[in-house]
Amino acid sequence: MSATKQKVTIKGTKDGLVFFMDDSCSFEDLVSDLKNKVEYSHQQILTGPVIHITVNLGYRYLSDKQEQQIRQIIRKRGNLVIKEFVSEVISREQALMERLASHTNVVTGTVRSGQVNEYQGDVLLLGDINPGGLVKASGSIFVMGRLRGMAHAGLYGDDQAIIAASHLEPTRLQIAEVMSLPAEQWVQHEMTMEFAYLIDGKMQVDSIHRIKQIRPDWTQSDIRG
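Cut-offs applied
Residues numbered from 1 in each chain as written. Predicted model: local features only at pLDDT ≥ 70, side-chain atom pairs only at ≥ 80, totals over all residues. Heavy atoms only, no water. Helix = DSSP H or I, 4+ residues; strand = E, 2+ residues; numbered from the N terminus. Buried < 20%, exposed > 50% of the residue type's maximum accessible area, 1.4 Å probe, protein only. Contact = heavy atoms within 4.5 Å. Areas by Shrake-Rupley, 256 points an atom, 1.4 Å probe, with all protein chains shown as cover. Pairing = 2+ DSSP bridges. Axes fitted to C-alpha atoms, helices over the stretch in contact; angles between N-to-C directions. Core = buried A, V, L, I, M, F, W, Y, C linked by side-chain atoms within 4.5 Å. Salt bridge = Lys/Arg side-chain N within 4 Å of Asp/Glu carboxyl O.

### Some details on the overall build of the protein chain
Inference 1: Within the protein chain, the secondary structure is distributed over four helices and 15 strands.
Inference 2: In the protein chain, which comprises 225 residues, the proportion classed as buried is 45%.
Inference 3: When contacts within the protein chain are restricted to residue pairs at least 6 apart in sequence, those whose partners lie at least 24 apart make up 40%.
Inference 4: Accessible surface, the protein chain: about 12100 Å² in total, of which carbon and sulfur atoms supply 48%.

Written out as structure tokens, the structure reads:
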């Protein structure tokens, strides 16, 4: 009878310990084996002075909730401190930012009340758009911050353009010729990166996790999660 494959393998390095996580099993099986390792095994190395931990996920993608679960299990040993999570997989948000940065206007700073900034092509703003501020682009607009002012994408009629923000709380959005609802009618969504787009001539808002289905040309085919 062949030995059961370990879901978690612990190896020592000069910098601490590396927890290698099997990326082919279910998350539930991984958690079960991790609990067993932390609670009952390797007592000689999981006690004593502080040890820094690198969690190697391989080709597994963890949600924020799953990552927190891993952290809580490892924290049960007071001397274990997680230094970093390492993965061969990046999130859609990270992939989108990398793709944009390679061929987009990248701007840093805050667009304040009364400012109107206009760009040709796509724009990636590393900052906020405050109420009263306006960003216009002939392409799409991506705000890695709070969009509380106004944004107009597809300035010359591109109805495939999108407007995305880490926190989407706009005064007004416009894509091509279509404007969003007034501010007082805007529905606050969950606090996650969202994007606005046009479908059948109407503006819709969805989580960035749905961008692959709605705008497949904005994503990479090998992204998981």
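### Topic: the sheet that holds strand E1 (residues 8–13)
Inference 1: Taken in spatial order, the four strands of this open sheet run E1-E2-E3-E4, and their pairing is mixed. Of all strands in the sheet, those with a lone pairing partner are E1 and strand E4 (80–86), marking the two edges. Across the sheet, the mean angle from the axis of one strand to that of its neighbour is 25°, orientation sign disregarded.
Inference 2: By the bridge criterion, four bridges tie strand E2 (residues 16–21) to strand E3 (residues 51–56) in an arrangement that is parallel. Bridge pairing links Phe 20 to Asn 56 in E3.
Inference 3: Sitting on the sheet, helix H1 (residues 27–40) is in contact with E1 and E2, with an inclination near 50° to E1.
Inference 4: The strands that helix H2 (residues 64–75) touches are E2, E3 and E4; relative to E4, the one it contacts most, it runs at about 150°.

### Some remarks on the nonpolar core
Inference 1: Of all hydrophobic cores here, the largest spans 23 residues; its most connected members are Ile 141, Leu 147, Ile 163 and Leu 173.
Inference 2: Of all the secondary-structure elements, those providing two or more residues to this core are strand E7 (123–126), strand E8 (134–137), strand E9 (141–147), strand E10 (150–153), strand E11 (163–168), strand E12 (172–175) and strand E14 (194–199).
Inference 3: Contacts of Leu 147, omitting those with residues within four sequence positions, involve Ile 129, Ile 163, Ala 165, His 167, Leu 168, Glu 169, Pro 170 and Leu 173.
Inference 4: Listed in part, the 22 residues of the second largest apolar core include Phe 27, Ile 53, Leu 62 and Leu 80.

### Focus: the pairing of E14
Inference 1: Extensive coverage of E14 is indicated by the burial of five of its six residues.
Inference 2: Inspection of the sheet shows E11 paired to E14 by three bridges, in the antiparallel sense. Within E14, the residue paired with Ile 163 across the bridge is Ala 196.
Inference 3: Hairpin connection between E14 and strand E15 (residues 202–207): a loop of two residues separates the two successive antiparallel strands, and Asp 200 in this loop has a positive phi of roughly 55°.

### Some words on the sheet that holds E7
Inference 1: The sheet built from six strands is open, its strands ordered E5-E7-E9-E11-E14-E15 with mixed pairing. The open sheet is flanked by strand E5 (105–108) and E15, the only strands paired with a single partner. When the angles between neighbouring strand axes are averaged without regard to direction, this sheet yields 25°.

### A look at the pattern of salt bridges
Inference 1: Summed over the entire model, instances satisfying the criterion amount to five salt bridges.
Inference 2: Measuring nitrogen to oxygen at the nearest pair gives 3.6 Å for the salt bridge that ties Lys 14 to Asp 15.
Inference 3: Relative accessible area serves as the criterion here: at 80%, Lys 14 is assigned to the exposed category.
Inference 4: Glu 67 is paired through a salt bridge with Arg 71; the nearest N and O atoms lie 3.2 Å apart. Remark: Arg 71 and Glu 67 occur in helix H2; sequence separation between them is four residues, near one turn of the helix.
Inference 5: Glu 67 sits in the partly exposed class, given a relative accessible area of 24%.

Taken by themselves, the reported measurements are silent on function.
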